[in-house]
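Remarks on the overall topology
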Amino acid sequence: MILVVDDLQQNVRLLRAVLEPRGYAIAEASSGPAALSRLAEGDIDLVLLDVMMPLMDGYEVCRRIRADPATAFLPVVMITASGEAEKRRGLDAGADDFVAKPFDQAELLARVRSLLRVKAYHDEIEAFNRGLRRFLPAQVVELVKGDPAVLDVHRREIAVVACALAGFAAFAEGAEPEDVMAVLNSYHAALGELVDEAEATLVRLSGDELTIVFNDPLPCPDPAGASVRLAVALRDRVWELAEGWNRLGFDLQLAAGIALGHATIGRIGFEHRWEYAPVGTVPTLASRLCESAAPGQILISRRVFAATEPLAITQPAGDLALRGLAKPTPTWDLLGLET
C-alpha cells in the first residue's frame, strides 16, 4: 500500500492514474496530520510526500515518521517543485528519495519499485528477528543482531537455576487438556516476568521445566546471589498461583535446583533447529538437584552455598545420590533470604 500525501486533489488523481494500473494499492491524505493518522493504522509500505502543504509541511511530516519506531524505516519519497535546497532539507528530515515536479512517470515508477524492494527486505529481516525472539532468549537475540559471534561456543562461569512443577506428571495424566494448558500458561507468564526482571537468560522451556542462566550472555557481578534471589521469588510466585490451583483440586508446587561453576555455552543443534544453551556438569547438576527436590524445596550445590552464605538461609540436606552422578553430592536446602 502506497500513501500519497498532497493537499491538491489533482496531484493525487495524477499519481493514482500512474500507479494503480501497475497494480499498486493507494491510500491518500490531504494534510500532514491526516497522513500521520493514516500511518498509525499500519499496512503502509511507502509514502509519496508533497513538500508544500498547509498546517504541516512535508519536512515536518518526514521528521515525525522517522521519530516513530513503528515507521522509522518506512521508505519516504518527497515530491519537490524546486532544486538542491529542498533536497538537502529533505535529506536532513530523513527522506529516502526525491521526485521533481512535473515528474517523469518512468522515473517515478523506478524509484517506487526500488524502495518497495528495500521495504520487503526490511520486513523479511524483521520477520526473521521475530522468529529468533520466539526460539532464543531475548538478550541473545539483541546481541546476535550486533555481533553474530555471540553464538560461538565459549566457556564461562555461570549460575544455573532449574525448576519444575512437582506433581505435574500426575496432574497432566488425570486433568483435562484445557486445564493443563491453562496452568502452564499462567505458570510460564508469571515466571517469565520474574526472569526478565532479574535480567537472567531463559535457555530452556519444556512443559513445566525451566532452565535459567545468570552471567551469560549478559554479565552478572554476583550470579550465585542473583540465582538464589530469583529462585526464592519463583517459589513465592508459584505458592500464590497454587492457591488458585488448589481450589480446582490441582496440587502443584515448585521444585528447584541451583548450581554454580564453569560451563561450555553456545549454539547447539542442527541446521533446521538451533538452541543457545550451556553444556557440562553445572546445568546437569542443577537439573538433578531439581529432580531430587521435594515440593516447595530449593536444593543448592556446595559452591552456591559457599558463595551465598551471608545472604541465604539454609540447612544441610545431606549427601544425595543424584541420577547420573558417580558420587553422592552434598546439598543444602534454601529456606529463604536474610533481610
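Residues numbered from 1 in each chain as written. Predicted model: local features only at pLDDT ≥ 70, side-chain atom pairs only at ≥ 80, totals over all residues. Heavy atoms only, no water.

The chain is annotated in an unreviewed UniProt entry as Response regulator of Solirubrobacter ginsenosidimutans.

This part is about the sheet that holds strand β2 (residues 26-29). Reading across the sheet, the 5 strands line up as β2-β1-β3-β4-β5 and stay open at both edges, with parallel pairing between neighbours. The open sheet has two edge strands with one neighbour each: β2 and β5 (97-100). For this sheet the average axis-to-axis angle between neighbouring strands, irrespective of direction, equals 20°. As defined by bridge partners, strand β3 (residues 46-50) adjoins strand β4 (residues 76-80) across 4 bridges and the pair is classed as parallel. Of the residues in β4, the one forming a bridge with aspartate 50 is isoleucine 79. Taken strand by strand, helix α1 (residues 9-19) contacts β1 (2-5), β2, β3 and β4, and its axis lies near 170° from that of β2. Across the face of the sheet, helix α2 (residues 32-40) comes into contact with β1, β2 and β3 while running at roughly 165° to β1. (Pairing = 2+ DSSP bridges. Helix = DSSP H or I, 4+ residues; strand = E, 2+ residues; numbered from the N terminus. Axes fitted to C-alpha atoms, helices over the stretch in contact; angles between N-to-C directions. Contact = heavy atoms within 4.5 Å.)

As a further point, take the state of the cysteines. Applying the stated criterion across every chain, the model contains 0 disulfides. Of all cysteine sulfurs, the one in cysteine 290 lies closest to cysteine 163, which takes part in no disulfide; the gap is 6.5 Å. (Disulfide = S-S within 2.5 Å.)

Time to look at the packing of α2 against helix α3 (residues 58-67). Viewed as axis vectors pointing N to C, α2 and α3 meet at an angle of 25°, and their least axial separation amounts to 10 Å. With respect to α3, the element α2 is oriented roughly parallel. At the point where α2 passes α3, the crossing takes the right-handed sense. Where α2 approaches α3, its residues Gly32, Leu36 and Leu39 are matched on the opposing element by Val61, Arg64 and Ile65. (Parallel < 35°, antiparallel > 145°, perpendicular 65-115°, else oblique. Left-handed = near helix turned anticlockwise from the far one by under 90°.)

What follows deals with the UniProt feature "domain: Guanylate cyclase" (unreviewed entry) in the chain. UniProt records the feature "domain: Guanylate cyclase" (unreviewed entry) for residues 159-290 in the present numbering. Between the end C-alpha atoms of residues 159-290 there is a gap of 14 Å, over a span that is 48% helix and 34% strand. (UniProt positions renumbered as here; feature names shortened; annotations may be inferred.)

A separate point is helix α9 (residues 223-247). The end-to-end C-alpha separation of α9 is 36 Å, in line with the 36 Å expected for 25 residues at 1.5 Å each. A bend of about 30° at leucine 241 is the largest found in α9. Where α9 ends, the next residue or the one after it, glycine 249, has phi of about 90°, a positive value. (Expected span 1.5 Å × (residues − 1). Bend = angle between axes of the 7 residues up to and from the residue.)

The amide bond that connects aspartate 216 to the next residue, proline 217, takes the cis arrangement and shows omega of 0°. Note on placement: proline 217 falls in the loop between β8 (209-214) and α9. One non-glycine residue, leucine 55, lies in positive phi territory at about 70°. As for its placement among the helices and strands, leucine 55 is situated in the loop between β3 and α3. Backbone geometry at glutamate 199 places phi at a positive 55°, although glycine is not the residue there. If you trace the backbone, glutamate 199 turns up in the loop between α8 (177-197) and β7 (201-206). On the accessibility criterion, glutamate 199 (59% relative accessible area) is exposed. (Buried < 20%, exposed > 50% of the residue type's maximum accessible area, 1.4 Å probe, protein only.)

Within the element layout of this structure, aspartate 6 appears in the loop between β1 and α1. For aspartate 6, a relative accessible area of 3% gives the class buried. A polar atom in the side chain of aspartate 6 sits 2.8 Å from the backbone nitrogen of leucine 8. Filtering out sequence-adjacent residues up to four positions away, aspartate 6 remains in contact with Asn11, Val12, Ala29, Ser30, Asp50, Met53 and Lys101. (Polar contact = N/O pair within 3.5 Å; in protein donor to acceptor, adjacent residues only side chain to side chain.)

A word on the pairing of β4. Burial analysis of β4 places 5 of its 5 residues in the buried class, the great majority of the element. Side chains of β4 alternate between two faces, with Val76, Met78 and Thr80 and Val77 and Ile79 buried alike. Each parallel crossover has a hand, and for β3 linked through α3 to β4 it is right-handed. Examined bridge by bridge, β4 and β5 share 4 bridges and lie parallel to one another. (Right-handed = clockwise from strand over helix to strand, strands pointing away.)

This next bit is on the pattern of salt bridges. All told, the structure shown has 13 salt bridges when counted by the stated rule. Across the salt bridge formed by aspartate 43 and arginine 38, the nearest N and O atoms sit 2.9 Å from each other. Judged by relative accessible area, arginine 38 falls into the buried class, the value being 15%. Note that arginine 111 and glutamate 107 form a salt bridge whose closest N and O atoms lie 2.7 Å from each other. Here the residue arginine 111 and the residue glutamate 107 both occupy positions in helix α5 (residues 105-135), the gap between them amounting to 4 residues, near one helical turn. With a relative accessible area of 31%, glutamate 107 lands in the partly exposed category. (Salt bridge = Lys/Arg side-chain N within 4 Å of Asp/Glu carboxyl O.)

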